[in-house]
Structure formats: structure tokens, C-alpha cells
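For reference, the chains in residue letters:
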Amino acid sequence: MIADSAEKSVETLAVIDFETTGMGPQQGARATEIAAVLLRGGEVVGHYQSLMRSDVRVPPFIERLTGISNAMLAQAPPAEDVMREVLDFVGDCPLVAHNAAFDRGFWLAEAARAGRPLGEGPGFACTLLLSRRLFDQAPSHRLSDIAGWLGLARDGRAHRALSDATLTAHLLARLQDEVARRFEDRLDGTPVGHATLCRLQRAPRQRLDQALGVPGMVGVGTLSRRAG
């Protein structure tokens with residue numbers, strides 16, 4: 001049996017993306033924008049987006065990268081209010097992000113600041129780790145690069161939370177499709193859920209079949225990208 005019992009029905013997954021003032025909350029960085037995109041059965045079924053005011057200044061190079069200015073943030077709602085809203089919006093949905101270690105750090109830090117501490121917090125499925133394992137022949141696994149290589153279209157500007165989260169959701173759907181294709185006979189129509197994705201992202205590239213307990217997996221070198 002590959003899938004956990006929770007995966008027998010189609011899950012709604014929450015794809016998270018933060019824009020921030022720096023590399024990590026441990027260095028004093030704060031979130032400037034968050035988006036959460038809900039994906040169910042490969043389709044986007046909801047989204048949340050907001051700027052977040054934390055009164056930490058945005059460095060000039062971050063402003064150039066994201067287009068989010070200190071003047072914009074001065075008019076934004078308090079980060080604590082935004083974080084409580086997005087936590088309520090996501091609810092119990094399993095979480096996904098591209099380069100999830102980065103977003104998970106801000107998710108935990110901002111939730112704690114909002115009075116909603118999550119302890120060790122939930123596990124994130126990571127589309128960066130998954131793309132490295134499933135599409136190892138791609139020249140780059142940065143979000144825009146892997147999405148372009150797979151022919152996935154972006155709506156909006158890179159390094160804005162909703163655009164990045166939506167593109168990550170499309171990448172997630174493509175990754176789920178790839179897993180379903182490789183294991184079609186064994187999955188027998190069972191949806192590829194969060195628990196399966198988390199097992200795959202932790203497995204060595206050469207042992208994905210062992211991670212899922214399925215012999216005879218198609219080799220990673222036989223993949224071809226989808227046309228745009």
C-alpha cells in the first residue's frame with residue numbers, strides 16, 4: 001500500500017510564499033508579503049494575499065527585487081493581523097512551498113509573533129526538493145527556471161507572493177502528475193498526497209522506488225518535459 005489512508009480522498013493543499021526583508025528571521029528579517037494558494041485535484045480553488053507591515057525597513061536591493069517599497073508597507077495592515085488571517089484561511093491544509101525551509105522559518109516566526117505559536121510546526125512538502133528528484137535533468141531548479149523548462153506560464157511578476165505561490169501551485173500539480181504517471185499501475189487512481197510527496201523529497205534520487213515501497217520504478221533519466 002503506497003498511500004496513507006489520509007490520501008485516499010483528494011486533499012486540499014496550501015501553497016505558501018513569503019516576500020521578506022532578508023534571508024531569515026534569525027537575522028532579524030520580517031515578512032513583507034504573504035500569499036496562500038489552495039490546490040485541490042490539480043486545480044486552484046482559492047487564494048489569499050496581503051502585504052504585511054512590520055516596521056522593519058526594506059533594504060534597497062530587496063525593494064528593487066520585489067517592487068515592494070517602504071511606502072507601500074506603511075499603508076499595509078499589521079503583520080500580526082495578516083498572519084492570523086492566513087492561518088485561519090489555510091486551516092488544517094497540508095503545506096507546500098518552493099524552497100520550503102525558507103518559507104517554513106517565516107511561517108513559524110510570524111505565527112509566533114501573531115500569538116499563534118506552532119511549536120515545531122507542520123511539515124512542508126517542498127517543490128524544489130521534489131523537482132530535483134523527479135526532473136534531475138533540468139538545468140536549474142529555481143522556481144522561474146524549472147517552471148519555464150516545464151512550459152508552465154507565470155501570471156504576474158516574479159518575487160511577488162501571489163505570482164510565485166500560484167506558479168508553485170502549477171509546479172506542484174505537474175509534480176503530482178509525474179508521480180502518478182510513473183506509478184500508475186500501483187497507485188490505481190489513488191491521488192498523490194502530501195505524505196507521499198514528503199517521503200519522496202527525503203529520499204535519495206536513486207531510491208525513490210524504495211521510498212514508496214514500489215519495485216521497478218521508471219528511471220529518472222527517461223523523463224521528458226511537457227510542452228508549453
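Below, the structure is looked at part by part. The structure presented is a predicted model; accordingly, all values stated were derived computationally and were not measured.

**Section: the packing of helix H3 (residues 79-90) against helix H4 (residues 100-113)**
- Running from amino to carboxyl end, H3 crosses H4 at an angle of 115°, the nearest separation of the two axes being 8 Å. Taken together, the axis directions place H3 and H4 in an arrangement best described as roughly perpendicular. As for how H3 packs across H4, the hand of that crossing is left-handed. Note on element contacts: H4 touches H3 through Trp 107, Glu 110, Ala 111 and Arg 113, opposite Ala 79, Glu 80, Met 83, Val 86, Leu 87 and Val 90.
- A class-by-class count of the residues in the contact of H3 with H4 yields seven nonpolar, no polar and three charged.

**Remarks on the pairing of strand S1 (residues 12-20)**
- Across the nine residues that make up S1, a large majority, eight, are buried.
- Of the pairings in the sheet, the one linking S1 to strand S2 (residues 31-40) comprises nine bridges and is antiparallel in character. Counterpart to Ala 14 in the pairing with S2 is Leu 38.
- Sheet analysis places S1 next to strand S4 (residues 95-97), joined by two bridges and oriented parallel. In the sheet register, Val 15 faces S4, and the bridge partner there is Val 96.

**Structural notes on the pattern of salt bridges**
- Going through the model one piece at a time under the given rule, you end up with ten salt bridges.
- One salt bridge connects Glu 178 with Arg 181, and the closest N-O pair in it is separated by 2.7 Å. In this pair, Glu 178 and Arg 181 are both assigned in helix H7 (residues 161-182), three residues apart and thus about one turn of the helix distant.
- Overall, the relative accessible area of 2% leaves Glu 178 in the buried class.
- Take Arg 181: its relative accessible area is 44%, and that puts it in the partly exposed class.

Calculation notes
Residues numbered from 1 in each chain as written. Predicted model: local features only at pLDDT ≥ 70, side-chain atom pairs only at ≥ 80, totals over all residues. Heavy atoms only, no water. Axes fitted to C-alpha atoms, helices over the stretch in contact; angles between N-to-C directions. Helix = DSSP H or I, 4+ residues; strand = E, 2+ residues; numbered from the N terminus. Parallel < 35°, antiparallel > 145°, perpendicular 65-115°, else oblique. Left-handed = near helix turned anticlockwise from the far one by under 90°. Contact = heavy atoms within 4.5 Å. Nonpolar A, V, L, I, M, F, W, Y, C, P; charged D, E, K, R; others polar. Buried < 20%, exposed > 50% of the residue type's maximum accessible area, 1.4 Å probe, protein only. Pairing = 2+ DSSP bridges. Salt bridge = Lys/Arg side-chain N within 4 Å of Asp/Glu carboxyl O.

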